[in-house]
Structures are given as C-alpha cells and as structure tokens.
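Structural characterization, general
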Amino acid sequence: MTKNLADTACYLTIVDNNYVPHLLAMLASLARVEDEIPFFVAHLDLTQENQNLIKDYAGSIGLKLNILLVDDLDLSVYQPCGNYPLVGWLKIHIDHFLPKQYLQILFIDPDTIVLQPLKPVFEIDMNGMPIASVIDKEDENPTLKKELGIDLQDHYYNSGVMLIDRAAFNKKKIGEISSAFAIKNPDKITFLDQCAFNAACAGKMKDLDKKWNLMIGIFEGDPQQTRLVHYCAIKPWKEGGTPSIELYAHFRNKTPLPFR
C-alpha cells in the first residue's frame, strides 16, 4: 500500500445505538485484515457510553477509527420509511460531514462481516461513475424500477456496500438529486436511501462483483473469495437463527458485547 492511500481513502459506516453490537462484530472482523485505512463512524445520537465503547475497542484491536457526530442536518424533511431509522438518511449527505481529503470512500453497513482484505477495492476503475455497488434482488422488480425512473435494462443496486468516487459523486450532484427525490416522492421510497440513490444514479452506477457484498439469504458464494458478508436479508441476532450465524457469533464473541 502506498503511503498516500490512507490519506485519501477511507471506510465509512453509519450507526445508531441499537446497532453498536453489530458494528463491534464488524470491527473485530476488519481488524484481522486491516490496520491502515481510516474508519469513520457517523451518527446522530450515540450515547457517550457507546462512543467510548466503540473508540476503546477499535483502539484495542489496532484500528484507526473516528466518530463523527452529525448535528447540523435537518433530517425531519424525510418521511418515515417502515422500520428504517432516521440516521440512514445520513448516507446521501456523505459530502456534508466526511473530511474533504477523502476522495475514495467504501461505505459499509454495520451488519457486515469482513472476510478478506478490502484495500483492493480502491484499485477498481470506476470509469467516471460516482458509485459502484452490487445488484440487489429487487433488480427483478419492474414495478419498483418504474416508480424510481429506472429503465428495465438498467440495474437496481444495494446501498449497503458502496464504493464512492467523491469527485464524480459531487460533479453529478448525486447527494442533492437523491435528497430531492426522497423529499418529493416519499411514496416511492421503499428501502430508504437505497431507493433514493438508485433514482439519482439510474444508468450511472458501476457493477461490483457480489464478493464485495455477499447478501446472506439472497446470494451464495465461496468464502475463500468473498470479501464482505452482509446480513441485510436475515439477521443472525433475531430469533430463528440464520445461515452463517456461526460466522457472526465468532466475531461478536471477540467484543465487549458477546453474542448470546
């Protein structure tokens, strides 16, 4: 890794108090393969206790982690969307709160486990696209695509893991367009920021191989090749169990908030 990469590339997640245990599990998995690229955690209202817990644990496992309180955005302009927390809307405002020096951003939802090094993602040629992401299962939903203004031949992507080229993101005004669409069309928002991003980026997103976002309960993959496992469809901490629950439990049990 060149010295400059850690100065211009970063990992980012967004979390609320309910997801702190899952974030810690993700950090435990990340620390096995990463100790140089900075990691940012953005939030609206983490308790001081949880902030200290995250910072202390990250420091103990050698991660460079910074917590960002975002308290100068009015997210009340967005309508409630199912059980999704308001903090999820921070994702479309990345340019507002993330330090300007970071030009390559890998956004990772906190309900993920890292299996392989992530730095190679920053070598992907974005071809001028603002976002690269893995195609979502809702790509097969023509009604959703029509509501969002996505041509049937174009894809609908999962926003749980996104590689963002900040210069292209800003040049194409992806944040502004996503925000405006969500505010104007709350009835068309089914999956929070994901729908807003897809509406703003219709035909302008690059395909990522599913190894960068292996969605448990949706896709299957080779653990030797998979970079990130994403518990977006089935949650291992909920009653009933889940595929790959042992993987989640293994890393969660390394944290100060072990699994049951």
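Everything below is about the structure shown above.
Attention here is on the structure that accompanies the text.

What counts as what
Residues numbered from 1 in each chain as written. Predicted model: local features only at pLDDT ≥ 70, side-chain atom pairs only at ≥ 80, totals over all residues. Heavy atoms only, no water. Helix = DSSP H or I, 4+ residues; strand = E, 2+ residues; numbered from the N terminus. 1 Å grid on protein atoms, 1.4 Å probe; cavity = no way out; pocket = protein on both sides within 12 Å on 5 of 7 lines; lining within 4 Å. Points joined across faces, edges and corners; volume = space filled by probe spheres on them. Nonpolar A, V, L, I, M, F, W, Y, C, P; charged D, E, K, R; others polar. Phe/Tyr/Trp six-rings, centres within 6.5 Å; stacked < 30°, edge-to-face > 60°. Buried < 20%, exposed > 50% of the residue type's maximum accessible area, 1.4 Å probe, protein only. Pairing = 2+ DSSP bridges.

Next up on the list: unusual backbone geometry. Even without a glycine there, the phi angle at Asn-127 is positive, about 55°. Looking at where Asn-127 falls in the secondary structure, it is placed in the loop between strand 5 (112-114) and strand 6 (131-135). Within the chain, Lys-173 stands out as a residue other than glycine whose phi angle is a positive 55°. Structurally, Lys-173 is set in the loop between helix 6 (166-171) and helix 7 (174-184).

One number sums up the size of the largest pocket: a volume of about 850 Å³. Lining the largest pocket are 32 residues, and of these Tyr-19, Tyr-84, Asp-109, Asp-111 and Lys-235 sit closest to its centre. Contributing elements (two or more residues each) for the lining of the largest pocket: strand 7 (157-165) and helix 8 (193-200). Tallying contributions element by element places strand 7 first for the lining of the largest pocket, with three residues. Per-class residue counts for the lining of the largest pocket are 14 nonpolar, eight polar and 10 charged. By volume, the second largest pocket is sized at about 170 Å³. As for the second largest pocket, its lining consists of 14 residues, and the residues nearest its centre are Leu-214, Ile-216, Phe-219, Gly-221 and Ser-244.

All told, the structure shown has nine aromatic pairs when counted by the stated rule. Look at Phe-40 and Tyr-102: their rings are 5.1 Å apart centre to centre, the planes differ by 65°, and that puts the pair in the edge-to-face class. Remark: Tyr-102 occurs in the loop between helix 4 (94-97) and strand 4 (104-108) and Phe-40 occurs in strand 2 (residues 39-43); sequence separation between them is 62 residues. Each of the two residues, Phe-40 as well as Tyr-102, counts as buried.

The element strand 7 is largely enclosed, with a buried count of eight among its nine residues. Of the strand pairs in this sheet, strand 4 and strand 7 are connected by five bridges, and their pairing is antiparallel. Directly across from Ile-108, in strand 7, lies its bridge partner Val-161. Bridge count between strand 6 and strand 7: four bridges; the pairing is antiparallel. Bridge assignment links Ala-132 to a residue of strand 7, and that residue is Leu-163.

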